[in-house]
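# Descriptive structure summary
One letter stands for each residue in the lines below.
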Amino acid sequence: MIQLSVIILNYKVPYYLMQCISSTEKALQSISSEIIVVDNNSQDESCQWVKTHFPNVQLIQNKENLGFSKGNNIGVNIAKGKYICLLNPDTIVGENVFSCLLNFAEQHQDLGIVAPQLIDGTGNFLPESKRNIPTPKIAFQKLLKINKNYYSKLAEEETGKVDILVGAFMLMQKSKYKAVGMLDEDYFMYGEDIDLSYKFLKAGYQNYYIGSQKVLHYKGESTLKDKKYRERFYGAMDIFYQKHFQRARILNPLIKLLLQLAKFLHAKTPTKNKTVNCKEIYWVSDRPVLERISNKLKKEIIHISRDELNKLEIKNSQLIFDAKSMEYQEIFSIMTNLKINQNYFRIKPVNFNFTVGSDDSRSQGSVLNFDY
């Protein structure tokens, strides 16, 4: 019997998808598992690259963009695993994350969803990894930038019960997922992870956060923060309140007003890609600097081993990690340790001639393709 089915819903992020599948395959080596990629009509290289580089991955090619909930549910409906993991394509998983979370799940019969700590491309912790139920009151407080009740007080590295987990990585038992109604397809994008987490709680299960395990999430890489994004995001929250807080029906006009206000304020603060000027560029690997990278960047690249990282004080620099000579969980640890010195990070996946990275979780990431 297959223990775990990993479902990756892709939309127009072929480079990040390749990195995601590569790290996922590595982390699943000792687990009876399958990977299912559902493509929401990307109309780019994504599907062909999956067929070429990962022939063992099951690929579903939708003829249109069906949204997050419906796309994932299509993958779940063909999944053969006892457990399923919904995984964003703009993530990189550590080598031990699946085995650790599966062991935890087997030991907790009350488990609804379990998820790890998420960090962004700069090595910073993503606080939405563990949230409380966003009641209208708490959502209003967050709008006023009073966040003390929005996020769980559980420490970043702790393990414990939380209310709401992120759709970028959700591991759960398939039978329970179907029993609570799966991802609600009324949501096209956004809000469905809050809804699913809350449905598990209402069904009497507990959601758990495992802070010792990290997954890198290039947050929102496949999403352009434009007017359509704002409409979908705040529209999703309206659906959530209509579904789960009908006892507060008298507050509905106020809730709609607050959502419109939040959408307006969001529109007034657009985010641009961050301009980064690095003093040095380091190639972190057991192998010499790849000539293709230095030629592409047209800059001198300094080769540095993992052992040398601990001996040097690296500041205002870019580090390119070679995944062929390092484990991803080691890369995550280095990023977390070096982030305070205004350093920026790129990762070269195994068997691919490109690097991926992101210098700001609020803007789109960076891909350097040196396959020539």
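Read on for a plain summary of the structure. Because the structure is predicted, anything quoted here is derived from the model rather than measured. (Residues numbered from 1 in each chain as written. Predicted model: local features only at pLDDT ≥ 70, side-chain atom pairs only at ≥ 80, totals over all residues. Heavy atoms only, no water.)

### Examining the nonpolar core
Where we set the bar: Put simply, buried Ala, Val, Leu, Ile, Met, Phe, Trp, Tyr and Cys residues joined by side-chain atoms within 4.5 Å make one nonpolar core. Here's how the labels work: a residue is buried when its accessible area is under 20% of the maximum for its type, exposed when over 50%, partly exposed in between, all with a 1.4 Å probe on protein chains only. In this analysis, two residues are considered to be in contact whenever any of their non-hydrogen atoms come within 4.5 Å of each other.
Core analysis: the biggest nonpolar cluster contains 88 residues, and L4, I21, F98, F169, L171 and F321 have the highest contact counts within it. Excluding residues within four positions of it along the chain, F169 makes contact with C85, L86, L87, V93, V97, F98, L101, V114, A115, P116 and V215. Ranked by size, the runner-up nonpolar core spans 6 residues in total, among them I293, I301, I320 and F370.

### Considering the packing of aromatic side chains
Aromatic ring pairs: the centre-centre distance and the angle between the two ring planes describe each pair. Stated formally: Here the aromatic set is Phe, Tyr and Trp, taking the six-membered ring for Trp, and pairing holds for ring centres within 6.5 Å; pairs whose planes are under 30 degrees apart are stacked, those over 60 apart are edge-to-face, and all others are tilted. Only DSSP runs of H or I reaching four residues or more are called helices, and only runs of E reaching two or more are called strands; each is numbered from the N terminus.
In this structure the tally under the stated criterion is 10 aromatic pairs. Judged by centre distance (5.1 Å) and plane angle (75°), the ring pair of Y16 and Y218 falls under edge-to-face. Taken together, the residues span a long stretch of sequence, with Y16 in helix 1 (residues 14-27) and Y218 in the loop between strand 9 (206-217) and helix 8 (227-244) at a distance of 202 residues. Using a relative accessible area of 3% as the deciding quantity, one classes Y16 as buried. Overall, the relative accessible area of 3% leaves Y218 in the buried class. For the pair Y150 and Y151, a centre-to-centre distance of 4.9 Å together with 90° between the ring planes defines the contact as edge-to-face. Accessibility classification places Y150 together with Y151 in one group, the buried group. Linked through ring pairs, Y15, W49, F54, F352 and F354 together constitute an aromatic cluster.

### Observations concerning helix 3 (residues 68-78)
Taken together, the buried positions of helix 3 are occupied by F68, S69, G71, N72, N73, G75 and V76. Of the surrounding secondary structure, the elements contacted by the buried residues of helix 3 are strand 1 (4-10), strand 2 (33-39), strand 3 (58-61), strand 4 (83-87), helix 6 (174-179) and helix 7 (192-202).

### Observations concerning the pattern of salt bridges
For the record, the criterion: Salt bridge, as used here: a side-chain nitrogen of Lys or Arg that lies within 4 Å of a carboxyl oxygen of Asp or Glu.
Overall, the coordinates contain 10 salt bridges when judged by the stated rule. The salt bridge involving D195 is made with K199; its shortest N-O contact spans 3.5 Å. Placement of both D195 and K199 in helix 7 is noted, with a separation of 4 residues, approximately one turn of the helix. As far as the burial class goes, D195 and K199 line up, both buried.

### Some remarks on the environment of F370
Checked against the element boundaries, F370 lands in the segment after strand 15 (366-369). Taking the C-alpha atoms as reference, F370 lies 9.8 Å from E291; in sequence the two are 79 residues apart. The contact partners of F370, leaving out residues within four places of it in the chain, are R292, I293, K296, K348, N353, F354 and T355.

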